There are 4 protein chains.
Amino acid sequence: MNATVSFLGDMLQTISERGRRLLALGPRDADGDDMEALCDTLLSSRGEASGMALARDILERWQGYDAAARRTFMRMLLERFGPQTKLVEKAIEAYRSMPGPKALHDLHKAAEPRRQELIRRLNLAPDGTAMLVRMRETLLALKRAEPDLEPVDSDFAHLFGSWFNRGFLMLKPINWSTPADILEKIIRYEAVHHIGGWDELRRRLAPEDRRCFAFFHPQLVDDPLVFVEVALTREMPAGISELLREDRATIRPAAATTAVFYSISNCQAGLRGISFGNFLIKQVVEDLRRELPGLQNFVTLSPVPGFAEWLAEERRAEASSLLTEADRDRLALLDRPGWETQADTVAEIRPAITAAAAWYFLKARGGDGRVVDPVARFHLGNGARLERINFPGDNAPGALRQAHGLMVNYLYKLDDIETNHEAFIGRGEVVAAAAIRRLVPAERATAGAARREAAGKTRADEEASS
Amino acid sequence: MNATVSFLGDMLQTISERGRRLLALGPRDADGDDMEALCDTLLSSRGEASGMALARDILERWQGYDAAARRTFMRMLLERFGPQTKLVEKAIEAYRSMPGPKALHDLHKAAEPRRQELIRRLNLAPDGTAMLVRMRETLLALKRAEPDLEPVDSDFAHLFGSWFNRGFLMLKPINWSTPADILEKIIRYEAVHHIGGWDELRRRLAPEDRRCFAFFHPQLVDDPLVFVEVALTREMPAGISELLREDRATIRPAAATTAVFYSISNCQAGLRGISFGNFLIKQVVEDLRRELPGLQNFVTLSPVPGFAEWLAEERRAEASSLLTEADRDRLALLDRPGWETQADTVAEIRPAITAAAAWYFLKARGGDGRVVDPVARFHLGNGARLERINFPGDNAPGALRQAHGLMVNYLYKLDDIETNHEAFIGRGEVVAAAAIRRLVPAERATAGAARREAAGKTRADEEASS
Amino acid sequence: MNATVSFLGDMLQTISERGRRLLALGPRDADGDDMEALCDTLLSSRGEASGMALARDILERWQGYDAAARRTFMRMLLERFGPQTKLVEKAIEAYRSMPGPKALHDLHKAAEPRRQELIRRLNLAPDGTAMLVRMRETLLALKRAEPDLEPVDSDFAHLFGSWFNRGFLMLKPINWSTPADILEKIIRYEAVHHIGGWDELRRRLAPEDRRCFAFFHPQLVDDPLVFVEVALTREMPAGISELLREDRATIRPAAATTAVFYSISNCQAGLRGISFGNFLIKQVVEDLRRELPGLQNFVTLSPVPGFAEWLAEERRAEASSLLTEADRDRLALLDRPGWETQADTVAEIRPAITAAAAWYFLKARGGDGRVVDPVARFHLGNGARLERINFPGDNAPGALRQAHGLMVNYLYKLDDIETNHEAFIGRGEVVAAAAIRRLVPAERATAGAARREAAGKTRADEEASS
Amino acid sequence: MNATVSFLGDMLQTISERGRRLLALGPRDADGDDMEALCDTLLSSRGEASGMALARDILERWQGYDAAARRTFMRMLLERFGPQTKLVEKAIEAYRSMPGPKALHDLHKAAEPRRQELIRRLNLAPDGTAMLVRMRETLLALKRAEPDLEPVDSDFAHLFGSWFNRGFLMLKPINWSTPADILEKIIRYEAVHHIGGWDELRRRLAPEDRRCFAFFHPQLVDDPLVFVEVALTREMPAGISELLREDRATIRPAAATTAVFYSISNCQAGLRGISFGNFLIKQVVEDLRRELPGLQNFVTLSPVPGFAEWLAEERRAEASSLLTEADRDRLALLDRPGWETQADTVAEIRPAITAAAAWYFLKARGGDGRVVDPVARFHLGNGARLERINFPGDNAPGALRQAHGLMVNYLYKLDDIETNHEAFIGRGEVVAAAAIRRLVPAERATAGAARREAAGKTRADEEASS
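What counts and what doesn't
Residues numbered from 1 in each chain as written. Chains lettered and ligands numbered in written order. Predicted model: local features only at pLDDT ≥ 70, side-chain atom pairs only at ≥ 80, totals over all residues. Helix = DSSP H or I, 4+ residues; strand = E, 2+ residues; numbered from the N terminus. Buried ≥ 20, exposed ≤ 12 C-beta atoms within 10 Å, placed from the backbone. Contact = placed C-beta atoms within 7 Å. Nonpolar A, V, L, I, M, F, W, Y, C, P; charged D, E, K, R; others polar. Pairing = 2+ DSSP bridges. UniProt positions renumbered as here; feature names shortened; annotations may be inferred. Least-squares fit on C-alpha atoms with pLDDT ≥ 70 in both.

(A) Structural context of the overall build of chain A. Helix and strand counts for chain A come out as 20 helices and eight strands. Taking all 466 residues of chain A together, 46% fall into the buried category. Counted over contacts in chain A with a minimum sequence separation of 6, partners at least 24 positions apart contribute 74%.

Below, the structure is given as structure tokens:
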């Protein structure tokens, strides 16, 4: 791989220099006009002859840019590489005078921003796909301050949706004989349960009752898109420590009855919104079932990242359709540092907090009318069922902060996936185990509403929230 | 590969059947309504949960269709899966009342035919890409009789252009240790110089002074997209027989000075118009140059498929700006069967025919103002130079019929490619060796014009003509 | 592979030339003295520094040798590269004066021919293993005329036995996506049922109810050692044509109940006597059983190469313990050309010939007391059971000549393999189906004895005969 | 790999159990008689039918053995599985009555210990080669206390020499995209400069001016045999810290002039005495030269493990042909802890210690007449030249203890390798740079002699010492 790339590098170097002479460009002066000229050339017929070289030149310059120059570049894409308005006007006129498939097609074509073709041609460069993904990562950051960049982002997302179509992805197992440069990325990308180093990684990958799978794209050979970590167990776990602690007993895979998806992480910030996690889980379910016919249950052990914030608001609210005074008192124990280390305090809190959690999933809705919890939206949207609430499930500081240590299991049952998905997407119904439904306090009027702010997370199961 | 596919097959079978029950469909009744319902479902939110299974179901039905049903399907795509006109109208209004990037973006989106997303989702099916390519092959055939299907074809072409972006293609050498199932396809796809069987194939691939390269797509692992056959020689060849005859002497690759591209074939009829040949030649030039630093010349030995027809017309024309009476007399010898076997007849014809050929390339233009010969348009468009006219170069029946046995060499010189390309594409100038330019008879008024009908060829060097 | 080899080639070239200067050798004068000096040097301490280069030099010279020079070389190995007799004498003395493990060990070491270490060092050369295998092929041919070369052959065989230990072999499927250069060898090496070309090969490999497996050695990557062809069927076949005819119906592998090993061929004449076929069949049985749990029977369809000759002798014998006058009359029909095309003649012959065949397997023994038929010795020695006699089973000219068209099935039943093997090897008992045992005529005195000459065959199932 | 092994595992399980029934063995009673019976069976004809299963059974039992049982097993190999003395006697008689190649051959064969064939058949077991290598590791340890086991060890070594012939080894680069399970072994096997963990490993493998290469055997796919670490530099290094320190500057490989072999480690204790290091260095020299034509020098940076002990003895000796009183005084500074941290003390010691080192290499000889230093014997035996003495070169505790921090460079110059090797092996001459030869004090009588005890090291460059 590297040899090829570096050879092409040499070759393209030459072409790029010639290219620059042709364009009468100074050596890498990197000012906006130049860049616009280069992009125009790449879109011209000359771009057909020297596309690879020009594409590489542009991407290389871009990599050398500082934050300001990158912003300028993105605004240029917005303002100068949209569709040609004259052609759009003409196409509208033509459509109005004689509607029909042909006119619609011409209108669609006329309205296609020129930057779409530009991005396609930039992909000709060696390693172009990876660089374009990183380019969008920058764009997403810029978009927060300048939301009018949305059309540019939309064009990137449109093309990535096509290029990273699930039909082009390859599922690969990640294990202890995976190349180190990929494993290093697993350590870095893990977004749910932090991996403290190589020894910890080894404990998650090497034992025969642990599995990990990732999707790869043919153009990003050593960089995963999304991965999921799986534990093979004999029962549905109630907390993360029983899966991760060092001294746990290993079981034979053939003796396992349950596959637990305990961590799923997106790897490429630049691919935000291009959903893979859904396909990954279902594919892994199929592959594991085939390899280990003894597996009967496919469940997650999942965080509840929106819970603490929602509960705080609920507790602050003067009138809550949910909380009684007694509940409020018990939940007040959560404010005492170290409560999680005292068994009786935990026992005292439990009934109130699990009832609140049941409400949080089944009744509470955000300002947009959606289920509050992003991880819940992901799994329920995939057709999973909310199976069990575990308190406490994770005493790591982050989990305490976000969810008072609460974790839940979602159940993936192939035969019900479609029905569950329909219920959730079509009618907004949350499918949950009877035991959870019974936890919901007798109907009062819903007073509290919840909000959720997006954070910089890349957890794959939050994908559905964006 | 196969194991996976067949396993997925079993799995999807189950889902599909469940899918059909959900849709209350009879077992494969294959009528249009069903199909439309399935396609609508695939585009709906339910499609998100069961996309792979639905996609496979649709593609499988389609494969079972007869010609009439396939036509119905395509017309359905045209008529029912275009954009939603109400949304388009709204987007036009919005754009008119407040133009800008956002409105243009919304207009573009509204005008996107729903079949584009449908095709993207069909690609989720195992082997979906290959099946969609075959689907377009059918569509291209239908389009001849029903040209209003163009918008549907345009959507396929648009997506294929994105999916088969050169950035996603892999160059692989084809040789005698290539798997037989791929070699079998090389025999079948060869479109320029027929390969008569395995022994003949072996003579083209196994000797150390013969090379072959193909582009592959990651989703079509055992099916090449385009391939080129190369001979390593010590001089630019004047005819095909010196390259292909059985008793030729093999040379050591290190002793070769010249790489001859003597055959380039597109493999997938369904990818017509998605150009790879251009990239393939340039990449092979680079790779060979790197492997064999002794190589100084990169040339083709190419057919001239439009020549005989053009010449016939020229000879029929009462007034020709090209042909003198003497020329006409000499060219009349071409009408005698077997002229090519008589050395003196050939010698007599040669001056007139090579002068005519020079004119054909440099002066003659089609009704559309373009160079008449499709192969010439391909190589000149790539930035090659017309280097030499060889008469006779190929006495195979097809070559005699299409070009009176004439062949030409095009020269690929890396340093000139861009300039040549610009001259040809930008100003319509044909870059040719001085010796050829000198062959053009003193300027007379151009009287003859030429036409060219498209044939069912898949020769890659004709791609530029479409 | 090739790149490496050719690079090493260049490197070694240089060393070899320096080596020759050191040895003050003329350029490739190929006379015996030189060669002896080179071999001595390779065995000396200098050989440690330049072993690869010297080894290559020797093997290259050897390849350039004509038949006479090769014979000289082999005799040199016999006469000059045996053990050093003085050391042997000393070791015998030491052993006699003080026997024990140490003295035995020293004696063994002293008696080791120097050519064993020489062959080991020749193996250092690039591609050395392959060249040594070819060297032994020559040696085997020479040994027929000069049987005193046996000790040299024994040393080659000893080392090959170690190097080609089954623990080092890799089983690989051979199918239609196997590289063409390997398939070409399958065509060439097939020793049982001739493969007439690529189309015929395709029919044996491509259909889903056909399999082929080969053993490879890591040093002979593109050259199989032994391969077996398998048909998946629904019943035990009675003749070869039902397996090989062009218009047969293909069945789904999952529907197959029976795997038929219908051809097994050794590939490397130089590895004669190093047995792989035994391991190959058992491994393939295991692999197929695992892939296709529906398979219940593993049988061969085998030739009977010694039968016609044995029967001729029996018929010539004045007194036969086997044949009655009536039998003799019926068998005389075999002398009429074309008998196999007439159904009633065949029917008339059948009872006599199958009874004779039963006798041939169960009662007849060669001069050495062994079962006459080499293929029978191979399969019975592997622990298979003689299952059925088929007449006629193969009307190809060779099969008619060797066995009057008779074929048999041997049954491999994993649970009985060891018992059968013990019975055959330990007590000389042929395990056969009851129906065959019943065919043996009532006990008369065995009068006839059979002989068998070895031919130049490489059929793997004859291996046991040597 | 694993799938296959575990499948074979299941299969063999069955056979083994049947095997045990046949042998009427209790379940794993592991006493000596059983084991002897199993080994006899493996050598019998029954072993031909069930070799794989029996071999596996024996090796598995062996793995379950404790130290005492393993010793019993080895003594059994010595006492019961030698050659059959009757046959040896007969072969001696035959040889005496009629000497000649045939009789010598028969004698050699008769004297072959039965355990050689036993070991060959044990190699049939899945993973047999690896287990036999571990078996010899145990044997080597036992041999220290019971040197009469030497003949058994000699048989293992003989077979390993054949199986691990350089012709069967594969050179593979080790880098940051090597599978983690192999890298983990590199950390463990490193025997020269300790690797403190994954981050340190990364610094040795990932930078583009660092390389590592290992030999692998096809049967031990994920376990290297020997590896060498290489630094690409612009000059010959004088100390290890300039190569390993974290903050060093990386250079472009194309700018490097020198390849430094700074660590070479054997990995398999059970392969002691089977030499690979020699071949590895030469192969790596060739490969690097080919990849990086700018490399002009190939040198080591090597430890001097025998130096401190030898010097101590020299200093203790009343009369030294080497040390003057002034030298003794200066060298006494070495006895002060921390001397290496004081620049002026180091400067004061330097002249005396480098002169002593020059003497150590060029003049001092062990009781066996050989050069004292094992690492020196390895590189000089390979044909390298002693190029420079560096003081101090390594201040790690081990290096201070063994060599007072001294390191040396050996130079590998392809054109001189054979001459140097001849000089060293043939005439005992140490080839050294003139600057080192000049350091040797004017000739006095050699009084001191040195000894060296073998330690448990597996450094590959000590191999020559054994």
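(B) Layout of the interface of chain D and chain C. Each partner contributes residues to the interface: chain D has 49 residues there, and chain C has 48 residues. Looking at the side of chain D that touches chain C, the elements with two or more residues in it are α1 (2-22), α3 (46-64), α5 (85-97), α6 (101-110), α8 (128-145), α9 (150-163), α13 (277-291) and α19 (417-427) of chain D. By residue class, the composition of the side of chain D that touches chain C is 21 nonpolar, 17 polar and eleven charged.

(C) The pairing of strand β7 (residues 385-390) of chain A, seen in detail. Residue and element names in this part refer to chain A. Buried residues dominate β7, accounting for six of its six residues. Strand direction decides the pairing type here: β7 and strand β8 (residues 407-411), joined by five bridges, are antiparallel. Looking across to β8, one finds that Leu386 is bridged to Tyr410.

(D) View of the UniProt feature "domain: Malonyl-CoA decarboxylase N-terminal" (unreviewed entry) in chain A. Residues annotated by UniProt as "domain: Malonyl-CoA decarboxylase N-terminal" (unreviewed entry) correspond here to residues 81-164 of chain A. Along residues 81-164 of chain A the backbone is 76% helical and 0% strand, and the end-to-end C-alpha distance reaches 24 Å.

(E) The arrangement of the relation of the copies chain B and chain C in detail. When chain B is fitted onto chain C, the two copies agree to an RMSD of 0.1 Å after a turn of 180 degrees and an axial shift of 0.0 Å. In short, the pair behaves as if placed about a two-fold rotation axis. Measuring from the rotation axis to each C-alpha of chain B, the shortest distance belongs to Pro179(B), at 1.9 Å. An overlap of 100% is found between the interface residues of chain B and their copies at the interface of chain C, pointing to a shared contact surface.

(F) Layout of the UniProt feature "domain: Malonyl-CoA decarboxylase C-terminal" (unreviewed entry) in chain A. Within the UniProt annotation, "domain: Malonyl-CoA decarboxylase C-terminal" (unreviewed entry) is assigned to residues 167-413 of chain A. Helix makes up 36% of residues 167-413 of chain A and strand makes up 18%, while its end C-alpha atoms are separated by 23 Å.

(G) Geometry of unusual backbone geometry. Cis peptide bonds are those with omega within 30 degrees of zero, and the linkage from Phe391(A) to Pro392(A) qualifies with -10 degrees. On the secondary structure map, Pro392(A) appears in the loop between β7 and α18 (397-403). Despite not being glycine, His404(A) has its phi angle at roughly 50 degrees, a positive value. Structurally, His404(A) is set in the loop between α18 and β8. Residue class for His404(A) comes out buried when judged on the 24 C-beta atoms lying within 10 Å of it. Of note, Asp127(C) is a non-glycine position whose phi angle comes to about 65 degrees, a positive value. Under the C-beta neighbour-count criterion, Asp127(C) is labelled partly exposed, with 16 such atoms within 10 Å.

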